[in-house]
Amino acid sequence: MITVYNPANGTVVGQAPELSLDEVKAAIDRACAAFPTWSRRLAKERGDLLRAWFDLVKTDKRIFAEIMVQENGKCLSEALGEIDYGLGFIGWYAEEAKRVYGDTIPTQATGAAVMVVKEPVGPTAAITPWNFPFMMICRKIATALAAGCTMIIKPSEETPLTAYKLLEYARRAGIPEGVFEMVTGNPKEIGELFTGDTRIRKISFTGSTAVGKLLASASGATLTKMTLELGGNAPFIVFDDAEFDEALAGIVAAKLRNSGQVCISPNRIYVQDGVYDRFVAALAERVAKLEVGDGMREDFVVGPLVNQTGFDKVAALVDDAREHGARLVLGGKQHALGGLFYEPTILADIGDDARMAQNEIFGPVFAVYRFQTEEEVVARANNTEYGLVAYAYTRALGRAFRLSRDIEAGMVILNSGSVGTASVPFGGVKQSGYGREGSYYGIEEYVEVKYVLMAGLNR
Ligand code: ADP
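What you are looking at is a predicted structure, and each value in this text was computed from that prediction instead of being measured. (Residues numbered from 1 in each chain as written. Predicted model: local features only at pLDDT ≥ 70, side-chain atom pairs only at ≥ 80, totals over all residues. Heavy atoms only, no water.)

Student: What is the right way to read the sheet that holds strand E14 (residues 365-371) from this model?
Tutor: Hydrogen bonds between backbone groups are what pair the strands of a sheet, and the pairing can be parallel or antiparallel. The 7 strands lie next to each other as E12-E13-E14-E11-E10-E16-E17, forming an open sheet whose pairing is mixed. The sheet is open, and its two borders are formed by strand E12 (327-330) and strand E17 (411-414), each paired with just one other strand. Sheet twist, expressed as the average angle between the axes of neighbouring strands with direction ignored, equals 20 degrees. Alignment of strand E16 (residues 389-393) against E17, held across 4 bridges, turns out to be parallel. Following the sheet pairing, Tyr 391 is matched in E17 by Ile 413. In the packing of helix H11 (residues 308-323) onto the sheet, contacts are made with E12, strand E13 (345-348) and E14, and the angle to E13 comes to roughly 25 degrees. With respect to the sheet, helix H12 (residues 374-382) is in contact with strand E10 (234-238), strand E11 (266-272) and E14, its orientation differing from that of E14 by roughly 140 degrees. (Pairing = 2+ DSSP bridges. Helix = DSSP H or I, 4+ residues; strand = E, 2+ residues; numbered from the N terminus. Axes fitted to C-alpha atoms, helices over the stretch in contact; angles between N-to-C directions. Contact = heavy atoms within 4.5 Å.)

Student: What should I look at first to understand the side chain of Thr 206 in this one?
Tutor: By the element assignment, Thr 206 lies in strand E8 (residues 202-206). Looking at Thr 206, the relative accessible area reads 4%, which means it is buried. Only 2.7 Å separates the side chain of Thr 206 from the side chain of Lys 140, close enough to count as a polar contact. Setting aside residues no more than four positions away along its own chain, Thr 206 makes contact with Ile 127, Thr 128, Pro 129, Met 136, Lys 140, Glu 229 and Glu 437. (Buried < 20%, exposed > 50% of the residue type's maximum accessible area, 1.4 Å probe, protein only. Polar contact = N/O pair within 3.5 Å; in protein donor to acceptor, adjacent residues only side chain to side chain.)

Student: Would you mind showing me how to read helix H6 (residues 160-173) here?
Tutor: One full turn of an α-helix is made of 3.6 residues, so residues set three or four places apart face in the same direction. The terminal C-alpha atoms of H6 lie 20 Å apart, and with 14 residues this matches the ideal 20 Å at 1.5 Å per residue to within 8%. Taken residue by residue, H6 has Pro 160, Leu 161, Thr 162, Ala 163, Leu 166, Leu 167, Tyr 169, Ala 170 and Ala 173 as its buried positions. Against the buried residues of H6 lie strand E1 (2-5), strand E2 (12-16), helix H2 (43-59), helix H3 (61-72), helix H5 (135-147) and strand E7 (180-182). Gly 174 lies just past H6 and shows a positive phi near 105 degrees. (Expected span 1.5 Å × (residues − 1).)

Student: How should I be thinking about the site of the ligand in this particular structure?
Tutor: The environment of the ligand is formed by 17 residues, the closest being Thr 128, Trp 130, Lys 154, Glu 157 and Ser 208. Contact between the ligand and Trp 130: an oxygen atom at 3.1 Å from a side-chain N or O atom of the residue. Between the ligand and the protein, one listed contact pairs an oxygen atom with a side-chain N or O atom of Lys 154 at 2.9 Å. Compared with its free state, where it exposes 550 Å², the ligand has 76% of that area covered by protein. Among the secondary structure elements, those contributing two or more residues to the shell around the ligand are helix H7 (187-196), E8 and helix H8 (209-222). Looking at the shell around the ligand residue by residue, the class counts come to 8 nonpolar, 6 polar and 3 charged. (Near = heavy atom within 4 Å. Areas by Shrake-Rupley, 256 points an atom, 1.4 Å probe, with all protein chains shown as cover. Nonpolar A, V, L, I, M, F, W, Y, C, P; charged D, E, K, R; others polar.)

Student: How do you make sense of the pattern of salt bridges when you look at a structure like this?
Tutor: A pair can form between side chains of opposite charge whenever their charged atoms are brought close. As enumerated under the stated definition, the model contains 39 salt bridges in all. With a shortest N-O distance of 3.7 Å, Lys 202 and Glu 445 are connected by a salt bridge. One end of the pair, Lys 202, is in strand E8; the other, Glu 445, is in the loop between helix H14 (439-444) and strand E20 (447-454), with 243 residues separating them in the sequence. Considered together, Lys 202 and Glu 445 belong to a single accessibility category, that of buried residues. Among the ionic pairs, Arg 402 bridges to Glu 374, the shortest N-O distance being 2.8 Å. Note that Arg 402 is positioned in helix H13 (residues 397-406) and Glu 374 in helix H12, a separation of 28 residues in sequence. Note on Arg 402: relative accessible area 33%, which makes it partly exposed. Its relative accessible area of 16% is what places Glu 374 among the buried residues. (Salt bridge = Lys/Arg side-chain N within 4 Å of Asp/Glu carboxyl O.)

Student: Explanation requested: a nonpolar patch on the surface in the structure shown.
Tutor: The grouping of Met 115, Met 454 and Leu 457 at the surface amounts to a nonpolar patch, some 250 Å² of accessible area in total. Locating Met 454 in the fold gives a position in strand E20. Note on Met 454: relative accessible area 35%, which makes it partly exposed. (Patch = residues over 30% accessible without salt bridge, like charges linked within 9 Å, V, L, I, M, F, W, Y side chains within 5 Å.)

Student: Would you take a moment to explain the nonpolar core for this structure?
Tutor: Burial of nonpolar side chains together is a common tendency in soluble globular proteins. Counting residues in each nonpolar core, the largest one holds 90 residues, and the members touching the most others are Trp 53, Phe 134, Phe 180, Ile 264 and Leu 283. With 10 residues, H5 is the single largest residue contributor to this core. Core analysis: the next-biggest nonpolar cluster, separate from the first, contains 31 residues, Tyr 270, Leu 347, Ala 354 and Leu 403 among them. (Core = buried A, V, L, I, M, F, W, Y, C linked by side-chain atoms within 4.5 Å.)

Student: Please explain the pairing of strand E9 (residues 225-229) as it appears in this structure.
Tutor: Most of E9 is tucked away: 4 of the 5 residues are buried. In the sheet, E8 pairs with E9 via 5 bridges, with the strands oriented parallel. When the sheet's bridge partners are listed, Ser 204 is paired in E9 with Thr 227. Assessed by its sense of winding, the connection that carries the chain from E8 through H8 to E9 is right-handed. (Right-handed = clockwise from strand over helix to strand, strands pointing away.)

Student: What's the story with unusual backbone geometry in this structure? I'm lost.
Tutor: Backbone geometry at Asp 349 places phi at a positive 50 degrees, although glycine is not the residue there. As for its position among the elements, Asp 349 is in the loop between E13 and E14. Of note, Lys 430 is a non-glycine position whose phi angle comes to about 55 degrees, a positive value. Counting through the fold element by element, Lys 430 comes out in strand E18 (residues 429-430). Judged by its relative accessible area of 34%, Lys 430 is partly exposed.

Structure follows, in structure tokens:
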């Protein structure tokens, strides 16, 4: 069994099965066996099953939220927010199942007709991370099932309890065995089974760029389609003309969500010279008031980091930035609560040579850089191998447009710190991966285009 620990206090929360490779193979076999029937069911029936699952989970939101607080460390209000976000995908794709439209194309020959239909790619697999244990699963499985695919999910071994709870509710809603399978065990070996099996036609992965590349290269041998949501290094740009209070609220919410352990978390905060000192001072005042602690309570609280590796990485990046001349404004060390709690931290006047300028911090650290001109900040924002999301606050329409065009990212968020809903295409460019999840773009990743020519129609 895999033992799951509470990052807030180190106690055991529960256990999940450590499956043998034969058991994982059996799950793949079930997903393959279920595909012909599932893919031929009416789209409306598939949508209705997703909707039934949505309703059951919604009724028991609190149960899911409490599991998430214990195995991930996020606070209750955030866990409940994540459930709404995740359910949004199930609701969205329950509807979208009915709208996988094809095409007809005027023919170039007499007595012929051309139609283009979209068919589910086949059995699929997904590997998900621990930072959004609920939403990540919903986003992948809802899309796959709506398109008519079956799916085997390997959730993170840090947070399998939320995942198995979701599976339990899916079964209660009538989503059959084979259509939705779940496996936990040795991630590397399970990944190799997924990528090496030509019956699995698509893999969706969210996690680190390093693991994403391993899976992508292994999938090259089997030509398995991939969707990869990998690391980020999001710039968050505040211009002199920004709505000051909105930018401040935006950065605090975006940065501290899940204690900063989010791939779209603002990693580099660029503030223009004219407003810089005032912004850093106001940020410090606001962040100093926030509470840190165990998330099992109603109001917002900054939680612990997920494990020791994560904690050590954050501490090392902060130390490195200070060695490179950054000014410590707030925090900068383990919180008085000890364990995996790290103080909300603000570093100012960071040089671009600090390691955190190129590496995901994944912790509650506000890294604030100073800039002078738009041209300069766009170049610096793009000076990263990643390209997931970029945020900017400005009231100038022309500048907002130029930023949307010039920043290399899959998502550009102007005058807001909030990115996701089910209705928009989430995904990145460069080393942040490829493919999109959410919206009608998301379902395209799970269908193949089939062109059908019917000739001889005038006989
Ligand atoms: P993180 O640093 O966020 O944990 P990972 O990429 O290590 O990111 O983990 C994301 C998911 O990938 C988890 O479910 C994890 O178990 C899985 N994973 C880790 N290593 C491998 C691997 N070699 N092959 C397949 N999956 C893996």
